[in-house]
Amino acid sequence: MATAEKLMTPGEFLEWESAQPERYEYVAGTISAMAGMSYEHNRLSTNLIIAFGKCLKSPCEIRVEGLKVQLGAAFVYPDALILCQEPIFYNFRTDTITKPTVIFEILSDSTEAFDRGEKFRRYRQLEGLEAIVFVSQKAVLVECWTRAGDAWQVREHESREDTLVVAPVEARVPLAELYDSLITHS
């Protein structure tokens, strides 16, 4: 993920990014270009959308990457998110959500430190967010962080025979479906 040198206000960033052909994230006044997507990342994203799309009950719906999430004065792109209410958009921008229920991040070498660091810290402060799911593309490994009052609890899954349970949305997805057609180290 390349970082730009110029500092911008949130408003300047949103205006600037809307004119760019690529996507960028904005944290602490700094913009960062989004990394390209590998085959494995794309396949995991597709499998995730299909698996959760089949098991979610109304009013919950899954949305793919491409929607920004507002985190205070930061704007980031999760790989997917689940909404369980009418979308609440930032400043009437239909490309920027303010209150997702669940966020998914597919980890890659170029983004893992940021996804697990600053982004994760900001996600945990987001009102209404009930779960954060990290999915590894290097191995069968999924971490599901669930809000428990003011604390967060994690449950790890490391086998294709495991089932990912995202309790806040009553979803159960076998890891075999999530990692279908992928060669990973288990």
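Treat the numbers as computed from the prediction; the structure is a model and nothing was measured. (Residues numbered from 1 in each chain as written. Predicted model: local features only at pLDDT ≥ 70, side-chain atom pairs only at ≥ 80, totals over all residues. Heavy atoms only, no water.)

## What to know about the pattern of salt bridges
Argument step 1. Taken as a whole, this structure holds 15 salt bridges when the rule is applied.
Argument step 2. The partner of Lys-54 in a salt bridge is Glu-177, with the nearest N and O atoms 3.5 Å apart. Of this pair, Lys-54 sits in helix α2 (residues 39–55) while Glu-177 sits in helix α5 (residues 175–178), and the two are 123 residues apart along the sequence.
Argument step 3. What makes Glu-177 partly exposed here is its relative accessible area of 33%.
Argument step 4. Ionic pairing is found between Lys-68 and Asp-95, a salt bridge with its closest N-O pair at 2.8 Å. Of the two residues, Lys-68 sits in strand β5 (residues 68–71) while Asp-95 sits in the loop between β7 (80–83) and β8 (96–97), which places them 27 residues apart along the sequence.
Argument step 5. Members of the salt-bridge network, linked through shared partners, are Glu-17, Lys-68, Arg-93 and Asp-95. (Salt bridge = Lys/Arg side-chain N within 4 Å of Asp/Glu carboxyl O. Helix = DSSP H or I, 4+ residues; strand = E, 2+ residues; numbered from the N terminus. Buried < 20%, exposed > 50% of the residue type's maximum accessible area, 1.4 Å probe, protein only.)

## A short note on the state of the cysteines
Simply put, disulfide is the name for a covalent bond between the sulfur atoms of two cysteines.
Argument step 1. Under the counting rule described, the total for this entry stands at one disulfide.
Argument step 2. Between the sulfur atoms of Cys-60 and its disulfide mate Cys-84 the distance is 2.0 Å. Where Cys-60 bonds to Cys-84 through sulfur, the torsion about that S-S bond is close to 115°, and the disulfide is right-handed. Taken as a pair, Cys-60 in the loop between α2 and β4 (61–64) and Cys-84 in the loop between β7 and β8 lie far apart in primary sequence, 24 residues in all.
Argument step 3. In this structure Cys-60 comes out as buried when scored by relative accessible area, which is 14%.
Argument step 4. Free cysteine: Cys-55, not disulfide-bonded; nearest cysteine sulfur from Cys-60 at 9.9 Å.
Argument step 5. Between Cys-144, a free cysteine, and Cys-55, which holds the nearest cysteine sulfur, the sulfur-to-sulfur gap is 12 Å. (Disulfide = S-S within 2.5 Å.)

## Some words on the confidence of the model for the protein
Argument step 1. Residues at a pLDDT of 70 or more form 95% of the protein, whose mean pLDDT is 89.
Argument step 2. Mean pLDDT across the elements of the protein ranges from a minimum in strand β1 (residues 3–7), with 57, to a maximum in strand β10 (residues 131–136), with 97. (pLDDT = per-residue confidence, 0-100.)

## What about the pairing of strand β9 (residues 102–107)?
Argument step 1. For β9, the buried fraction is high: six of the six residues fall into the buried class.
Argument step 2. Alternating residues of β9 divide into Val-102, Phe-104 and Ile-106 and Ile-103, Glu-105 and Leu-107, and every residue in both groups is buried.
Argument step 3. The pairing of β7 with β9 spans three bridges and is classified as antiparallel. Of the residues in β9, the one forming a bridge with Leu-81 is Ile-103.
Argument step 4. Pairing of β9 with β10, which is carried by six bridges, proceeds in the parallel orientation. The residue of β10 that forms the bridge with Ile-103 is Ile-132. (Pairing = 2+ DSSP bridges.)

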